[in-house]
Amino acid sequence: MTVYTVQDAASAQAPALARLLTDAYLGQWVYTPEHVTRRLEAVRPGRFTLSAFGGQEVRAGLDADPFSTVTGGLRVQLYGDPAAFTPLYLEALTRASTLGCRRLLSVVRQDHRPQVEFLGAADFRNAYQSWGAHLELPGFDFAGYRALEEKHYLDGTEVHSYAPDSTDAPWDALHRLYAEGLQDTPRNPTTTHESGSPEYFRSEVASGRVFAAVRRGEVLSYTALGLNETGVDSEHTATRAASRGQGLATLVKATALTWAREQGYLSASTGGNVANLPMLRVNTRLGYRPEPMWLTWVRDISYRFRKIP
């Protein structure tokens with residue numbers, strides 16, 4: 001039986017950890033040694049990365065970070081050889097106690113079988129579920145939404161596009177709608193935004209694009225896109241309570257996807273809480289293909305000390 005040695009990760013192990021991370025996420029994201037090195041160099045209270053050695057070889061790893069939306073929460077992500085998960089987890093549990101953490105959380109996709117099986121066996125509970133979906137942009141066609149666009153246009157509503165530095169964008173109104181959406185949208189720790197402040201909202205859209213349905217100067221609905229090298233991500237979408245059920249979220253998202261396709265982006269991703277049925281319907285209507293669900297596993301931990309006579 002292999003005996004695993006657990007220690008703090010070092011930059012020399014970055015290539016091995018990057019490969020193990022990429023394999024653990026089934027290639028959904030490709031991690032590079034530079035990514036791992038940047039993480040190791042970005043010192044932050046409560047953050048640590050562990051490596052598990054089998055002999056001289058790095059066989060598994062664990063990343064831990066404070067869970068910003070959960071008081072006393074520590075997020076742990078396991079990857080690599082499942083046989084090394086137990087010693088990694090026990091070391092993380094020991095460190096969690098010194099940090100004063102009261103809850104451990106781990107977010108894995110439904111088809112990440114080794115992690116799902118380990119977390120269940122380690123007495124975590126599957127507390128929350130989130131969905132993800134994917135759309136290939138070259139095949140997206142706005143033609144099916146022309147009638148919806150015309151209907152709202154005749155009512156005085158147009159969709160405008162704003163870059164992060166647009167001086168004519170109604171940023172205050174967009175933030176108010178963002179804050180309203182935060183209050184009305186079903187949330188869990190994974191899908192909850194860190195803050196509802198204007199500064200946080202602007203940081204969320206700082207590297208993307210915003211599309212808003214505006215009628216006579218009033219923002220009725222908007223969606224924010226995040227941009228990467230080849231694809232776009234839906235950061236958040238919101239519609240005024242009085243304007244819901246009229247297809248405005250569908251229209252702004254369809255306009256955003258058309259813009260992304262015309263800019264040469266190849267794919268679009270989105271996601272959210274499984275309880276957010278209206279947004280699920282919007283994305284299904286747009287042609288997004290659901291992916292395996294993301295599961296948030298939670299274990300509450302307590303530290304009881306017995307007085308020795």
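Residues numbered from 1 in each chain as written. Predicted model: local features only at pLDDT ≥ 70, side-chain atom pairs only at ≥ 80, totals over all residues. Heavy atoms only, no water.

J.: Describe the overall build of the chain, naming the residues involved and giving the relevant values.
T.: The helix and strand inventory of the chain stands at nine helices and 13 strands. Principal-axis analysis of the C-alpha atoms gives the chain an extent of 80 × 45 × 35 Å. Burial status across the chain gives 47% buried among its 309 residues. At a minimum sequence separation of 6, the contacts of the chain that also span at least 24 residues come to 71%. A total of about 15800 Å² of accessible surface is found on the chain, and carbon and sulfur atoms cover 51% of it. For the chain, the centre of its 32 positive side-chain charges and the centre of its 33 negative side-chain charges are spaced 7 Å apart. (Helix = DSSP H or I, 4+ residues; strand = E, 2+ residues; numbered from the N terminus. Buried < 20%, exposed > 50% of the residue type's maximum accessible area, 1.4 Å probe, protein only. Contact = heavy atoms within 4.5 Å. Areas by Shrake-Rupley, 256 points an atom, 1.4 Å probe, with all protein chains shown as cover. Lys, Arg positive; Asp, Glu negative; His and termini not counted. Charge placed at Lys NZ, Arg CZ, Asp CG, Glu CD.)

J.: Describe the nonpolar core, with residues and values.
T.: Proteins that are soluble and globular tend to have nonpolar side chains buried together. In terms of nonpolar packing, the biggest core is built from 27 residues, with Leu62 and Leu74 touching the most fellow members. Within the residue set of this core, elements represented by two or more residues are strand 2 (48-54), strand 3 (57-66), strand 4 (73-80), helix 3 (85-99), strand 5 (103-109), helix 4 (113-121) and strand 13 (294-300). Top contributing element to this core by residue count: helix 3, with five residues. Excluding residues that lie within four positions of it along the chain, Leu62 makes contacts with Phe48, Thr49, Leu50, Val76, Gln77, Leu78, Tyr79, Leu88, Tyr89 and Ala92. Counting 24 residues, the second-largest nonpolar core is a separate cluster that includes Leu137, Leu251, Ala260 and Ala268. (Core = buried A, V, L, I, M, F, W, Y, C linked by side-chain atoms within 4.5 Å.)

J.: I'd like to hear about empty space enclosed by the protein, residue by residue, with values.
T.: As enumerated under the stated definition, the model contains one cavity of 30 Å³ or more in all. Here the largest cavity defines a volume of roughly 50 Å³. Counting only elements with at least two residues in the lining of the largest cavity, the list comes to helix 1 (14-24), strand 4 and strand 5. It is strand 4 that contributes the most residues to the lining of the largest cavity, three residues altogether. For the lining of the largest cavity, the residue count by class is seven nonpolar, three polar and no charged. (1 Å grid on protein atoms, 1.4 Å probe; cavity = no way out; pocket = protein on both sides within 12 Å on 5 of 7 lines; lining within 4 Å. Points joined across faces, edges and corners; volume = space filled by probe spheres on them. Nonpolar A, V, L, I, M, F, W, Y, C, P; charged D, E, K, R; others polar.)

J.: Outline helix 6 (residues 171-184), listing residues and values.
T.: Along an α-helix, residues three or four positions apart point the same way, because every turn accommodates 3.6 residues. An ideal rise of 1.5 Å per residue puts 20 Å on 14 residues; helix 6 measures up with 20 Å between its terminal C-alpha atoms. Along helix 6, the positions that sit buried rather than exposed are Trp171, Ala173, Leu174, His175, Leu177, Tyr178, Gly181 and Leu182. (Expected span 1.5 Å × (residues − 1).)

J.: Hey, could you go over the packing of aromatic side chains for me, with residue numbers and the actual values?
T.: Two aromatic rings, taken as a pair, are described by how far apart their centres are and by the angle between their planes. Going through the model one piece at a time under the given rule, you end up with 13 aromatic pairs. Taking the centre distance of 5.8 Å and the plane angle of 75° together, the rings of Tyr89 and Phe118 count as edge-to-face. Pair noted here: Tyr89 is in helix 3 and Phe118 is in helix 4, with a separation of 29 residues, a long-range link. Taken individually, Tyr89 and Phe118 each receive the classification buried, so the pair is uniform in this respect. Through successive ring pairs, a cluster of aromatic residues spans Tyr25, Trp29, Tyr31 and Trp294. (Phe/Tyr/Trp six-rings, centres within 6.5 Å; stacked < 30°, edge-to-face > 60°.)

J.: I'd like to hear about the packing of helix 8 (residues 248-262) against helix 9 (residues 277-286), residue by residue, with values.
T.: Two elements in contact, helix 8 and helix 9, have axes separated by 10 Å at closest approach and are oriented at 45°. Classed by the angle they form, the pair helix 8 and helix 9 counts as oblique. Here helix 8 and helix 9 pass one another in a crossing that is right-handed. Two secondary-structure elements touch here, helix 8 through Ala249, Thr250, Lys253, Ala254 and Leu257 and helix 9 through Met279, Val282, Asn283, Arg285 and Leu286. For the contact of helix 8 with helix 9, the class distribution of residues is six nonpolar, two polar and two charged. (Axes fitted to C-alpha atoms, helices over the stretch in contact; angles between N-to-C directions. Parallel < 35°, antiparallel > 145°, perpendicular 65-115°, else oblique. Left-handed = near helix turned anticlockwise from the far one by under 90°.)

J.: Describe unusual backbone geometry, with residues and values.
T.: Residue Leu26 is not a glycine yet carries a positive backbone phi of 55°. Even without glycine at this site, Asp123 takes up a positive phi of about 70°. Within the element layout of this structure, Asp123 appears in the loop between helix 4 and strand 6 (125-136). For Asp123, a relative accessible area of 56% gives the class exposed.

J.: Run through the pairing of strand 13, naming residues and quoting values.
T.: Judged by how many residues are buried, strand 13 sits mostly within the fold: five of seven residues are covered. Strand direction decides the pairing type here: strand 6 and strand 13, joined by five bridges, are antiparallel. Within the sheet, the bridge partner assigned to Arg125 lies in strand 13 and is Val298. (Pairing = 2+ DSSP bridges.)

J.: Could you give an account of the confidence of the model for the chain, with specific residues and numbers?
T.: When pLDDT is averaged across the chain, the result is 91; 94% of the residues are at 70 or more. Segment residues 305-309: pLDDT under 50, and zero contacts once partners within four positions in sequence are set aside and those in other chains are kept. (pLDDT = per-residue confidence, 0-100.)

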